[in-house]
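Listed here are the chains, written in short residue letters.
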Amino acid sequence: MEKKKLEKLTRKIFHDIHTNQIKHPHIVKRMSNMLNTEYLKLNKDYFHGKICLDVGCGSMGSATFSMLRMGVKKAYAMDLDDTFFDSVTKNLKKFEGKYELRTGNVLNLDYSDNFFDFTHCAGVLHHTGDVFKGYKELARVTKVGGIVYTVTYGKG
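Residues numbered from 1 in each chain as written. Predicted model: local features only at pLDDT ≥ 70, side-chain atom pairs only at ≥ 80, totals over all residues. Heavy atoms only, no water.

A. Quick peek at the pairing of strand S2 (residues 74-79). Buried residues dominate S2, accounting for five of its six residues. As a crossover connection, the stretch from strand S1 (residues 51-55) through helix H4 (residues 62-69) into S2 is right-handed. In this sheet, strand S3 (residues 99-103) lies alongside S2 in parallel orientation, the contact comprising five bridges. Looking at S3, one finds that Tyr76 is bridged to Glu100. (Buried < 20%, exposed > 50% of the residue type's maximum accessible area, 1.4 Å probe, protein only. Helix = DSSP H or I, 4+ residues; strand = E, 2+ residues; numbered from the N terminus. Right-handed = clockwise from strand over helix to strand, strands pointing away. Pairing = 2+ DSSP bridges.)

Spelled out as C-alpha cells, the structure:
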C-alpha cells in the first residue's frame, strides 16, 4: 500500500479510537497522566516556561494536555489532518492561548530548526515508512540540549 494512503488510513483508525475514548472521563484522565516528570525522570519543574511539540497528538491530545498542565509556555500539537481540531480544542479549553494546533507530517515538519525544548512523538514513526527521516526531523526542530521523547512499536 502507498505510504500516504497507509498514513491516512491509520490516522482515521486512531481518530475513531480517540473520539470514542474521549467519551469516557476515566480514560481521558489515565491518558492525560501518562506523561509526567516522574516517569520521564526529570526535575518536577522541567516543563515550566518551555516550548514543546506533540507530533501525532491524536484526537485526544493527551500529551499536549499533560505538557500544558506541567506549566509549558506554549505547546504545539500536530497531526496529519484537521479532524483532531474540534476534540483537542475541547480537551484543552482551560489552556486557551497557550497552544497551537497544526496539520503536518513528521517526515517534513514545518517548524524552524532548534525551536522546541521538548518534542514528543508517540505511536507515529512506525506508521511512516521512513522512521529514520522522522527521527532526523524531530532532532532538527529540537534545541541542542533539548529532549526528544519517542515511542515506537513493532520489531526489526
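B. Just the environment of Glu100, in detail. With respect to the secondary-structure elements, Glu100 resides in strand S3. In the structure, Glu100 is positioned 24 residues away from Tyr76 in sequence and 4.8 Å away in space, judged by C-alpha atoms. The residues contacting Glu100, other than those within four sequence positions of it, are Lys74, Ala75, Tyr76 and Ala77. For Glu100, the side chain forms a polar contact with the side chain of Arg102, separated by 2.7 Å. (Contact = heavy atoms within 4.5 Å. Polar contact = N/O pair within 3.5 Å; in protein donor to acceptor, adjacent residues only side chain to side chain.)

C. Structural view of the sheet that holds S2. In space, the five strands of this open sheet follow the order S3-S2-S1-S4-S5, with parallel pairing throughout. Both edges of this open sheet fall to S3 and strand S5 (142-151), since each of them pairs with a single strand only. Strand-to-strand, the axes of this sheet are offset by a mean angle of 15°, without reference to chain direction. Taken strand by strand, H4 contacts S1, S2, S3 and strand S4 (116-122), and its axis lies near 165° from that of S1. (Axes fitted to C-alpha atoms, helices over the stretch in contact; angles between N-to-C directions.)

D. Region of the structure containing the environment of Lys136. With respect to the secondary-structure elements, Lys136 resides in helix H6 (residues 131-141). Sequence separation between Lys136 and Asn108 is 28 residues, and the spatial gap between their C-alpha atoms is 9.7 Å.

E. Representation of H4. Most of H4 is tucked away: seven of the eight residues are buried. Every buried residue of H4 is listed here: Ser62, Ala63, Thr64, Phe65, Ser66, Met67 and Leu68. Once H4 finishes, Gly71 follows within two positions and takes phi at roughly 100°, a positive value.

F. Quick peek at the pattern of salt bridges. Across all of its chains, the model carries five salt bridges by this definition. Between Lys74 and Glu100 there is a salt bridge, and its shortest N-O distance comes to 3.8 Å. Of this pair, Lys74 sits in strand S2 while Glu100 is found in strand S3, placing the two residues 26 residues apart along the sequence. Of the residues examined, Lys74 reaches a relative accessible area of 24% and is grouped as partly exposed. With a relative accessible area of 25%, Glu100 lands in the partly exposed category. The partner of Glu100 in a salt bridge is Arg102, with the nearest N and O atoms 2.7 Å apart. Taking relative accessible area as the criterion, Arg102 reaches 26% and is therefore assigned partly exposed. Connected through shared salt-bridge partners, Lys74, Glu100 and Arg102 make up one network. (Salt bridge = Lys/Arg side-chain N within 4 Å of Asp/Glu carboxyl O.)

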